[in-house]
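# Structural overview
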Amino acid sequence: NELNGFPRGVAFLLGPALYFFILSQTNSNFTLQRKHLLHLIPWFIPFAVELSIFIQGKYAVQEFQSSGFMHYYGYIDILARYTSFGIYFYWSFKVY
C-alpha cells in the first residue's frame, strides 16, 4: 500500500526495445546513440507526472485516483500505449 500511485508503466518502453532489437539484428553496424534517447520521451512524460503526484504523498495520490480526470487519463494512456506500440511494430516490420 505504501507504493500505491508509484509509476509502474513500462509499456512505452516495449516499442522502442522491439525496434532497436530488430535494428541491431538486421544491421551489424547499428549502435545506440544519444539521439536514440528521444524514443524514451513517451515513457518519461507519464512517468514524470505520476512520480510528481506520488512524491506529494498518499493523499495527493488518493485525490488524483478519485478525480474525474483519472477516468480520462486512463483512456488517453491506453490509447497512447497501443498507438506507440503499433507505430514501433510498423517501423520494425519495415526494417525487417
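Structure shown above.
## Let's talk about a nonpolar patch on the surface
- A cluster of nonpolar side chains, Leu38, Ile41, Ile45 and Val49, forms an exposed patch at the surface whose accessible area comes to about 360 Å².
- By secondary structure assignment, the location of Ile41 is in helix H2 (residues 41-55).

## So, the pattern of salt bridges
- This structure, assessed with the given rule, holds one salt bridge.
- Two residues, Arg81 and Asp77, come together in a salt bridge whose shortest N-O distance is 2.8 Å. Remark: Asp77 and Arg81 occur in helix H4 (residues 68-95); sequence separation between them is four residues, near one turn of the helix.

## Observations regarding the packing of helix H1 (residues 11-26) against H4
- One way to put it is that H1 packs onto H4 with a least axis distance of 8 Å and a crossing angle of 5°. As summarised for this structure, H1 and H4 are arranged roughly parallel, according to the angle between their axes. Side by side, H1 and H4 meet where Ala11, Phe12, Leu14, Gly15, Pro16, Leu18, Tyr19, Ile22, Leu23 and Thr26 of the first sit next to Asp77, Ala80, Arg81, Ser84, Phe85, Tyr88, Phe89, Trp91, Ser92 and Val95 of the second.
- Per-class residue counts for the contact of H1 with H4 are 14 nonpolar, four polar and two charged.

## Overview of H4
- Across its 28 residues, H4 extends 41 Å between first and last C-alpha, which sits within 8% of the 40 Å expected from 1.5 Å per residue.
- Tucked into the core, H4 has its buried residues touching H1, H2 and helix H3 (58-66).

## Focus: the packing of aromatic side chains
- Tallied over the entire structure, the rule returns eleven aromatic pairs.
- Considering the side-chain rings of Phe6 and Phe54, the 5.2 Å spacing of their centres and the 80° angle between planes classify their relative orientation as edge-to-face. On the criterion of sequence distance, the pair formed by Phe6 in the segment before H1 and Phe54 in helix H2 is long-range, its members being 48 residues apart.
- A relative accessible area of 33% places Phe6 in the partly exposed class.
- On the accessibility criterion, Phe54 (21% relative accessible area) is partly exposed.
- When the ring of Trp43 is compared with that of Phe44, the centres are 6.4 Å apart and the planes differ by 55°; the resulting orientation is tilted.
- The class of Trp43 is partly exposed, set by a relative accessible area of 22%.
- For Phe44, a relative accessible area of 47% translates into the label partly exposed.
- Connected via pairs of aromatic rings, a cluster forms that spans Tyr19, Phe20, Phe30, Tyr88 and Trp91.

Rules used throughout
- Residues numbered from 1 in each chain as written.
- Predicted model: local features only at pLDDT ≥ 70, side-chain atom pairs only at ≥ 80, totals over all residues.
- Heavy atoms only, no water.
- Patch = residues over 30% accessible without salt bridge, like charges linked within 9 Å, V, L, I, M, F, W, Y side chains within 5 Å.
- Areas by Shrake-Rupley, 256 points an atom, 1.4 Å probe, with all protein chains shown as cover.
- Salt bridge = Lys/Arg side-chain N within 4 Å of Asp/Glu carboxyl O.
- Helix = DSSP H or I, 4+ residues; strand = E, 2+ residues; numbered from the N terminus.
- Axes fitted to C-alpha atoms, helices over the stretch in contact; angles between N-to-C directions.
- Parallel < 35°, antiparallel > 145°, perpendicular 65-115°, else oblique.
- Contact = heavy atoms within 4.5 Å.
- Nonpolar A, V, L, I, M, F, W, Y, C, P; charged D, E, K, R; others polar.
- Expected span 1.5 Å × (residues − 1).
- Phe/Tyr/Trp six-rings, centres within 6.5 Å; stacked < 30°, edge-to-face > 60°.
- Buried < 20%, exposed > 50% of the residue type's maximum accessible area, 1.4 Å probe, protein only.

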